[in-house]
Each structure stands twice: as C-alpha cells, then as structure tokens.
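# Observations on the three-dimensional arrangement
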Amino acid sequence: MERALELLRKTFGYAEFRQNQADIIHTLMQGNDALALMPTGGGKSLCYQIPAICRPGTGIIISPLIALMQDQVSALKQLGISCAFINSTLDREQQREIERALLNDELDLLYIAPERLLNDYTLNLLDRCKIALFAIDEAHCVSQWGHDFRPEYQRLTILHQRFADVPRIALTATADEATRNEIKSQLDLHNAKTFISSFDRENIRYHIIDGQNGLDQLWQFLQQEHPRDAGIVYCLSRKKVEKTAEWLTARGRIALPYHAGLSDSLRQHHQARFLRDEEVIIVATIAFGMGIDKPDVRFVAHLSLPKSIEAYYQETGRAGRDGLPANTWMNYGLQDVISLRQMVSSSEAAENYKRVSIHKLEAMLGLCESGQCRRQTLLAYFGEILDEPCGNCDNCLSPPELWDASEAARKALSCVYRCGQKFGVNYLIDVLRGKDDDRIQRNGHDQQSTFAIGADFSVSQWRNLFRQLIALGYLEVDHEGFGALLLTEKCRPLLRSEKILKLRRQRVSDNSSKTSKSRRDRRSQAEVLDEDRPLYNDLRSLRKQLAETQGVPPYVIFHDSTLAAISQLRPGNIDSLLEVPGIGQHKLDHYGDRVIEVVRSHILSL
Ligand code: ADP
Ligand code: ZN
C-alpha cells in the first residue's frame, strides 16, 4: 500500500485516498475480487488504475463507450502513465503497435470495449500476455432491467473461467440492490468483497419548482447562477429540445441540441463542442449523458419530469463530478403530471412492468411535492438514512409555506363530481372560475352549484392545486387518454370534511433573494475570490491554449479545482506548485514553468 500512496501523491497529485478507495485497492493488490458501488464523481477510476500500475502486467479495463475510453487515456497520458485503448477508431498499424506494446509488457492499462475483448483474436492475445487485473466499468450494463443493457456484458463470465487467477473488479454508480445482485451473479463475483459508498452528492444543490413559464424560470436561474457555465438542459421531446436550444441561442447563450433525430455526425459534433469548449449548454433528451465524463458540468436543468427517482438521480448526477458546487434545477407542471400518468396507465406493457412504472412515478412525484429535505427523500429512496436535513436544497434553504387547502380542494373535487367526471382540468377551472363560455352553458354546468365558486383563485392557483391533488392521488387521469379527471377512494374523508389537507404554497419565483444570498458564500463556479479572478481567468486561457495544441479537452490538462487552488495559493516556484491538488510530477515537468510564469506576472502586477 505504500507504493499505492506514493503513486497517488507523486503521479496523481492527491494527498489522501477517499473513503473506500484504499480498501478496494488493498483488496485488488492482494489478488482478490471486488465490487465497488460509488456515486458519480466518487473516484472509481483510481480504484483500478493504481493497482493496475502497481501489480505486474497490464490492467485490462472493459468500458462500453469509445468517447469515455479516449478521454481516460488522454488524461492518464497527461500523468505520464503508459496506456492505450483498442477500439474501432484505430487503423491496422496503430493496433499492431499497441499489441506489440502489450506483449512486451510496456502498458500499465489497456481500455477495450466488451465486444472487442470477447472475440477469439483478442482472447488469444490476452492468453499470451501478463494481466494485472480486469476492471469492468459501468457494470450495471449487465442488467437486463436497467437502462443501459449491453448483452455482451453477460458473456464476461468468460474472464473468470479463462483467467482464473486474475483479480477482477466491477464498478458502477447504480445504487439499487437488485442491480447489485444481478452484477454479482451475472459476472460470477460471488466471492468478491462488496464496497458500498454513500450515494450522497454533497456538492450538488437540489432545486425543484413547480408552475408554468418553465423557460422564463430557466432563464432566470441561468442568468443568476450560471451566466457563463457549461451545463445540460433535459427536455422530454425532440421538439422541445430544438425549441429550447433556439430560444437560449437567441438570447445569447451557446446552446446546442442533442437528440436521436439528429444525424450521427451532428450529434458527435455537438458533444465534442460541449467537451472541448467552455460555456456550452447542451439541450438534450435523455439520450445524452451516459459516458459523459466532463467534470465541470456546473448545472443540470430539467424542463420536464423524469419518470423515476433513479433517472432523476442519474441525470442530475452528471453535475459537479469534480466535487465543486453544482446546481440541479427542475421545473415541472400540471401537464407533466397528467401526461406521465396517462403514459403509464394507458401503456400496452405487461401488468407487472406497469405496476413498477406507476410505483416509480409515484415516488418521483412524492419527491417533487414534498416539503421535506430533498436529499433526505432522495437518499431514503435508495435505502440510505441522512440524519439531518442537508441545508443544501431548496426546501432546506427556503422551507415551503403550508396552507390549509381543505376547502379549495373540496370545491375542486365537487366540481369534478358535478361535471360527471368527464372533463379535463382546463374545463374544470373555467367552471370553478365562472367563465362565460358556450360549452359550459350547453352542458348546463353554469347552473350547478360549483359554478363560479372559485373566482377568488387565479388560473395558476387552480392549476397548482389540481397538480397536487393528482400527484397525491386524490384524482386520477382517465385511461382512455382524453385527460378527464376522476375521483379516487382517497377523496371521501376530504369531501366529508373529516380530513384537513395541508399543501405547499406555490412559490412565486423560486430563484429569490434567499438563494442569491446564499450564493455569495457558495459560488457556483470554483471557489475563487474576486481578487483572484484575473489570475484564474489567465490560467484558464493558458489551459485552453495547451488543450488546443494537443487536441484534448481542457479538463484533461487541469481541473477547475486545480486552477482555483493555484489562484489562491499563488505558488512562486516549481516546488510549491507540487502542493496543489491535481498536480503530479509529470504535469509539473510539462506545464510547471508556463503556470509559474502566469502566476508571477500577477504577483508583479499586485
Ligand atoms: P467516477 O468515475 O467515480 O465518477 P472519477 O474517478 O472520475 O469518478 O473521479 C472523480 C474526481 O475525483 C476526479 O476529478 C478525480 O481526479 C478526483 N479524485 C479521485 N480520487 C481522489 C482523491 N483521493 N483525492 C482527490 N481527488 C480525487
Ligand atoms: Zn435539504
């Protein structure tokens, strides 16, 4: 382990191992198998990189995505580590060269896609070289029930049979127990030691707001919190993706669409710009994200409701991999709730699947409508107890006001009943507000007792109330797909005045003074003081220059957190630069002088 720690410090430039990293590394160094569950940004890669380097032979890393491999290999090369990948982007000559290096035991790490690994040619090649370990990254791809199923992953048991004495590690950021068990049995990891880290992403702030005008609210959020940051905006449909990207572009942001309807080359181009340039916003359907390793995504915004807490956690989890403060923000409304409910209940899927989907959607709605700490609710869903409210979510920062909605709810529910449970929400609101309307008059609903009993509420207030009544299960949406609202059993005690209903008051504008105030001591970018900002910006320019020369993303050269630390510490010579987290010997040798030059120019100008 001494050698491991030395590597961490000298090569990677970090002072200490995190939580489970040391234990996992120890397990592999002793030649045993491991299963590591760690959230995104938890530091999974070091867990196999360090033992792969320390143990004799080459560590074989099985990774499902080409883009991810390329990034990892570029980043490792920056640290002076000997590594390569084999995938379809290589020509014959390049591939031969890598095979030669492999057979000569010159590589510490080799990244490879599962289908490549499993062909006879590669397996024969591996028979002839020394293997330090196998790391199976994104191991949840083995799960048929998951969202990233890869059939080849299920054939990876062959590793165990063919290379019985090589230690294996499977890694994933998927938290649930079912997936964990599936990985164990599918990959034949019954004797593996399991390491489960906390899935709390402390640096991520959660924000969920309801109401209409999603785009305007998004704009306010972006301008206040992230005027120059890179981030992701998720929308449900391709059309909405296109519209939103155009809308943001028209207002002066760099916003690029990403969805399955675009050509491969355009999608790749937009993804590359997101990775390589700064300040780019990707507007995407959920098709975007897996394998995006960009560490400085400062925000993830949702303009529609994810279908489950798993999806929400995974998508928001793409923010802040570098551990610096990051924001997640979601706007959802009545229409989301109605559409998703309809989608699930009218789907043709098997009953069993449908039941699970409904349950997942309920949990997601529960999180949205809850007045409790978001993080406590989120983690509890994954079976993790957080003792105290987190202090870093909207509900903690500005606790929602509750109001007694019993009477208003009774009016709404009676109106549903009196109109025969045949109408959708817009019609019902018109009746409640007493609108002068042909259709209402033709139906005679202007004559019934609930007509105009809700004139004191605005349309938006009624929509808010209806949304909560649907989300909480007092109303359901018809199965035929017309959007008519029906009463459920749950209504009875409420209609009979046997029950009081307290609901969250709608937030007028959630990006209010409170969040802006707390921002001052938090900052959405790296922790950089105003007086250090000019130096920080110059360091960013240097980084961009270095990255462009080598054709790699800027974060492969230095992370924001490293630049922030340099701006603050202002090291005046090469030796003190080594103190900065993220700077190891190799980066010091290559970039040290250039960095010091920039720092000195600022010291002189002070
Ligand atoms: P994951 O693959 O789990 O999402 P990564 O391996 O990419 O996470 O690591 C996330 C970030 O944490 C990276 O920027 C990495 O350099 C950093 N990191 C990992 N381990 C440590 C450590 N022991 N000390 C400081 N930073 C670390
Ligand atoms: Zn909280």
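Residues numbered from 1 in each chain as written. Chains lettered and ligands numbered in written order. Predicted model: local features only at pLDDT ≥ 70, side-chain atom pairs only at ≥ 80, totals over all residues. Heavy atoms only, no water.

### Quick notes on the coordination of the zinc ion (ligand 2)
Coordination sphere of the zinc ion (ligand 2), protein contribution only: Cys373 (SG), Cys390 (SG), Cys393 (SG) and Cys396 (SG), at 2.3 to 2.4 Å. Geometry at the zinc ion (ligand 2) is tetrahedral, judged from its four donor atoms and the angles of 101 to 120° they form at the metal. Donor residues for the zinc ion (ligand 2), ordered by position in the chain, follow C-x16-C-x2-C-x2-C. Of this pair, cysteine 373 sits in the loop between helix H15 (351-369) and helix H16 (374-381) while cysteine 390 sits in the loop between H16 and helix H17 (394-397), and the two are 17 residues apart along the sequence. (Donors = N, O, S within 2.8 Å, 3.2 Å for Na, K, Ca; no water. Tetrahedral: all angles 85-135°; square planar, octahedral: opposite > 155°, others 65-115°. Helix = DSSP H or I, 4+ residues; strand = E, 2+ residues; numbered from the N terminus.)

### A short note on the confidence of the model for the protein
For the protein, the mean per-residue pLDDT works out to 90, and 95% of the residues sit at or above 70. Confidence, expressed as mean pLDDT per element, reaches its minimum in the protein at helix H23 (residues 513-520) with 41 and its maximum at strand S5 (residues 131-136) with 98. A low-confidence stretch, residues 510-525 stays under pLDDT 50, and its non-local contacts, those more than four residues away or across chains, total 41 contacts. (pLDDT = per-residue confidence, 0-100. Contact = heavy atoms within 4.5 Å.)

### As for the layout of surface pockets
One simple way to see leftover space: roll a probe sized like a water molecule over the atoms. Its boundaries defined by the atoms lining it, the second largest pocket holds a volume of some 480 Å³. If you trace the second largest pocket, you find 24 residues lining it, with Lys240, Leu303, Asn331, Gln335 and Asp336 closest to the centre. Elements with a contribution of two residues or more to the lining of the second largest pocket: helix H10 (214-225), helix H11 (238-250), strand S14 (326-332), helix H14 (334-345) and helix H21 (459-471). Each of domain 2 (204-397) and domain 3 (402-504) gives at least three residues to the lining of the second largest pocket. (1 Å grid on protein atoms, 1.4 Å probe; cavity = no way out; pocket = protein on both sides within 12 Å on 5 of 7 lines; lining within 4 Å. Points joined across faces, edges and corners; volume = space filled by probe spheres on them. Domains from an automatic or database assignment.)

### What about the pattern of salt bridges?
For side chains of opposite charge, pairing can occur when their charged atoms come near one another. For the structure on display, the rule yields 31 salt bridges. With its nearest N and O atoms 3.5 Å apart, the salt bridge here joins glutamate 498 to arginine 496. What makes glutamate 498 exposed here is its relative accessible area of 55%. Here aspartate 560 and arginine 540 are joined by a salt bridge, their closest N and O atoms 3.9 Å apart. Here arginine 540 lies in helix H24 (residues 533-550) and aspartate 560 lies in helix H26 (residues 560-569), a separation of 20 residues in the sequence. Here aspartate 560 matches arginine 540 in class, with each residue buried. Linked through salt bridges whose partners overlap, the residues forming this network are Asp210, Glu369, Arg467 and Arg504. (Salt bridge = Lys/Arg side-chain N within 4 Å of Asp/Glu carboxyl O. Buried < 20%, exposed > 50% of the residue type's maximum accessible area, 1.4 Å probe, protein only.)

### Here we look at the packing of aromatic side chains
Overall, the coordinates contain 15 aromatic pairs when judged by the stated rule. Here the aromatic rings of phenylalanine 274 and phenylalanine 288 are separated by 5.7 Å at their centres, their planes lie at 75°, and the arrangement is edge-to-face. A residue pair is termed long-range when its members are at least 10 positions apart, and phenylalanine 274 in helix H12 (residues 264-276) and phenylalanine 288 in the loop between strand S12 (280-284) and strand S13 (299-302) qualify at 14 residues. The residues phenylalanine 274 and phenylalanine 288 share a single accessibility class, namely buried. When the centroid spacing of 5.5 Å and the interplanar angle of 80° are considered together, the rings of tyrosine 381 and phenylalanine 382 count as edge-to-face. Taking the relative accessible area as the measure of exposure, tyrosine 381 reaches 26% and is therefore partly exposed. Feature note: the residues Phe199, Tyr313, Tyr381 and Phe382 constitute an aromatic cluster, connected by ring pairs. (Phe/Tyr/Trp six-rings, centres within 6.5 Å; stacked < 30°, edge-to-face > 60°.)

### Some details on the site of ligand 1
Not every one of the 15 residues close to ligand 1 is listed here, only the nearest: Tyr14, Gly41, Ser45, Arg321 and His559. Note that an oxygen atom of ligand 1 is positioned 2.7 Å from one of the side-chain N or O atoms of arginine 321. In isolation ligand 1 has 570 Å² of accessible area, and contact with the protein removes 83% of it. Classifying every residue of the shell around ligand 1 by side-chain character gives four nonpolar, seven polar and four charged. (Near = heavy atom within 4 Å. Polar contact = N/O pair within 3.5 Å; in protein donor to acceptor, adjacent residues only side chain to side chain. Areas by Shrake-Rupley, 256 points an atom, 1.4 Å probe, with all protein chains shown as cover. Nonpolar A, V, L, I, M, F, W, Y, C, P; charged D, E, K, R; others polar.)

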